[in-house]
Structure formats: structure tokens, C-alpha cells
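Structural characterization, general
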Amino acid sequence: MGYRIFLAGGSGAIGRCLIPQLVVAGHQVTATSRRAAKTEDLRALGAEPVVVDVFDAGGLRTAVAAAKPEIVIHQLTDLPPGLDPARMGEAIIGNARIRDEGTRNLVEAAKSAGARRLIAQSIAWVYAPGPEPHAESDPLDSGAEGSRGISVGGVIALERQVLEAPMTGIVLRYGHLYGPGTGAETAADPAVHVDAAAYAALLAVERGSRGAFNVAEPSSYVTTGKAVSELGCRADFRLPE
């Protein structure tokens, strides 16, 4: 059965992998970008493009309402190409703002449109120090300071808003991304290939109850059994070349 899906962040690394998977699965996808130049790329992937900024609460609400989605997927980030170290300081702040204010706007828009499921991108390397590997029930590192503290604060805000939303909220805690479009051919533990990350979001469209899921390759840092058993995640999943 196909669903109407609103994908916030369709032109990002995961979004570009996810759209074709959603379309092949029979879903109708509306995908966003902040840049009009990206619209033809989104259309070529099979999505209906819409240009909107997540910080424009009114514009976002209008865009989501027009799409009439049953499911909203949050894949928004604000990171420089190749995670350029010279730009990461500023990007960490912007990314945390997206996870807090941007998520709040998206949740409100999803609620207003009557969406029944919300799937959001998070990260898997923000657990508080403690015995490893970390399960999803372990606390996040709320006491972190400096740049890590900014990142963790954004993650905590995102996850709280998604999991407390009046719909089925699913948080995908991705490992460090690598593969096409990420600027990395390998990644530190915990790691996940961008294709497998997108596949997890596809699976979450129809599977999984409210909660967080570690999505990563076999890891000494996090457990992934919950994502495998409840969602059917496959760390070895790759799109056909």
C-alpha cells in the first residue's frame, strides 16, 4: 500500500537515496529543499519538489498541508560538504538549531496536517559515558560541554519533540555516514552506509512502534538488535549501481 509522504530534506545525502526507494515501494513523495536550483533534481528522482525553509513556520505549515501526508520524514541537516573542518564550528550551531526549532516547526506542521507517523534522523554517538555497547535505553550525554554539548542538546530537543508528538514518532539514531554524497568512503565506529541509512527510513514507514533505534553496522559502541528485529534493518543494504 502506498502512502503520501512529506520528506523534509530531500536533497541531502540520505534524501537522495531515500526518494527512489520510496517511489519504487509505491509511495507518493513530496520532497523539500531550501534551494530552487535543487527542484529538478528532486523531480528527476521521482518526487514532487517544494522549496521551503524549515524556519519559516507558516510556509512550512502551508507546504505540508498541501501535500496531505500520512507520513512525515525528517532528514534535515545543515552540514558543509565533506564536513569541512573550517566550517564545522558554525555548522554545529546551525545543525542544532534545525534539530530544535526546525523540528518544532515540522512537528507542528505534521500535527496540523493530520499525519499519523513521523520518522526523524538522529545520531548514535551521543550516549553518556558508560558501559558499551549502548542500547537505545541508555541516557544521552546531557552533561557534555563545548561543541559536543551543542550537538547533544540539539539531539535531545529533536528526540523529545518527535517522541512526544501525538503520532507514532520514530527516531533513527544513525551511525557516522559514509558512501556517495557524504564526502567519506569510510567512517569511524559507529558507522552506517548512506544507502543502509535511507533503507532504514523506508522500513520505518510501515514498521516499528514509537521509540529510538540505533542504525549502524556491527559496532562495539552501540547495539543494533532492536533495529534489526523490529524494523528489519540491514547494514549491508546497497542500492543497485
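This text goes with the structure placed above it.
Quick look at the structure, then. (Residues numbered from 1 in each chain as written. Predicted model: local features only at pLDDT ≥ 70, side-chain atom pairs only at ≥ 80, totals over all residues. Heavy atoms only, no water.)

1. Notes on the packing of aromatic side chains
Short version of the rule: Ring pairs are drawn from Phe, Tyr and Trp, using the six-membered ring of Trp, whenever the two centres fall within 6.5 Å, and their geometry is named by plane angle: stacked under 30 degrees, edge-to-face over 60, tilted for the rest. Counting from the N terminus, the helices are the DSSP runs of H or I reaching at least four residues and the strands are the DSSP runs of E reaching at least two. Throughout this description, buried means an accessible area under 20% of the type-specific maximum (1.4 Å probe, protein chains only), exposed means over 50%, and partly exposed covers the range between. Whether a charge sits over a ring depends on NZ of Lys or CZ of Arg being within 6 Å of the ring centre and within 35 degrees of the ring normal.
Here the structure, examined in full by the defined rule, presents two aromatic pairs. When the centroid spacing of 4.0 Å and the interplanar angle of 5 degrees are considered together, the rings of Y199 and F237 count as stacked. On the criterion of sequence distance, the pair formed by Y199 in helix α6 (residues 194-204) and F237 in the segment after α7 (225-231) is long-range, its members being 38 residues apart. On the accessibility criterion, F237 (13% relative accessible area) is buried. Directly above the aromatic system of F55 lies the positively charged group of R97, at a separation of 3.6 Å from the ring centroid. Just above the ring of F213 sits the side chain of K226; from NZ or CZ to the centre is 4.6 Å.

2. Focus: the pattern of salt bridges
Side chains that differ in charge, positive against negative, can pair when their charged atoms come close. Put simply, the rule is: Here, a salt bridge means any side-chain nitrogen of Lys or Arg that lies within 4 Å of a carboxyl oxygen of Asp or Glu.
Going through the model one piece at a time under the given rule, you end up with nine salt bridges. In this structure, D141 engages R148 in a salt bridge whose closest nitrogen and oxygen atoms are separated by 2.9 Å. On the basis of relative accessible area, R148 is assigned to the partly exposed category, the value being 33%. Note that R173 is salt-bridged to E159, the shortest N-O span being 2.6 Å. Here R173 is found in strand β6 (residues 168-174), whereas its partner E159 is found in helix α5 (residues 146-163), with 14 residues between them in sequence. Overall, the relative accessible area of 5% leaves E159 in the buried class.

3. A word on helix α3 (residues 57-67)
The test is simple: Directions are taken from the helix axis to each C-beta atom, and the arc is the one they span.
Three or more residues of α3 are buried, namely L60, A63, V64 and A67. End-on view of α3: buried residues confined to an arc of 95 degrees, all on one side of the axis. Turned more than 90 degrees off the buried face of α3, the exposed positions are T62 and A66. Positive backbone phi, approximately 50 degrees, marks K68, located one or two places after α3.

4. Some remarks on the side chain of H193
The condition is simple: Pairs of N or O atoms are called polar contacts if they sit within 3.5 Å, as long as, within protein, a hydrogen donor faces a hydrogen acceptor (for residues adjacent in sequence, only side-chain-to-side-chain pairs).
Tracing the backbone through its elements, the reader meets H193 in strand β8 (residues 191-193). Its relative accessible area of 8% is what places H193 among the buried residues. There is a polar contact of 3.0 Å between the side chain of H193 and the backbone nitrogen of D195.

5. Describing the environment of G15
Selection criterion: The contact criterion used is simple: two residues touch if any of their non-hydrogen atoms lie within 4.5 Å.
Residue placement: G15 occurs in helix α1 (residues 13-24). What makes G15 buried here is its relative accessible area of 0%. Once the C-alpha coordinates of G15 and K226 are considered, the two residues, 211 residues apart in sequence, prove to be 23 Å apart. Residues in contact with G15, not counting those within four places in the same chain, are L7, G9 and G10.

6. Looking at unusual backbone geometry
P133 follows E132 through a cis peptide bond whose omega is 5 degrees. By the element assignment, P133 lies in the loop between β5 (117-123) and α5. With a phi angle near 50 degrees, K68 is a residue other than glycine that sits in the positive phi range. By the secondary structure assignment, K68 is in the loop between α3 and β4 (71-74).

By themselves these figures say nothing about function.
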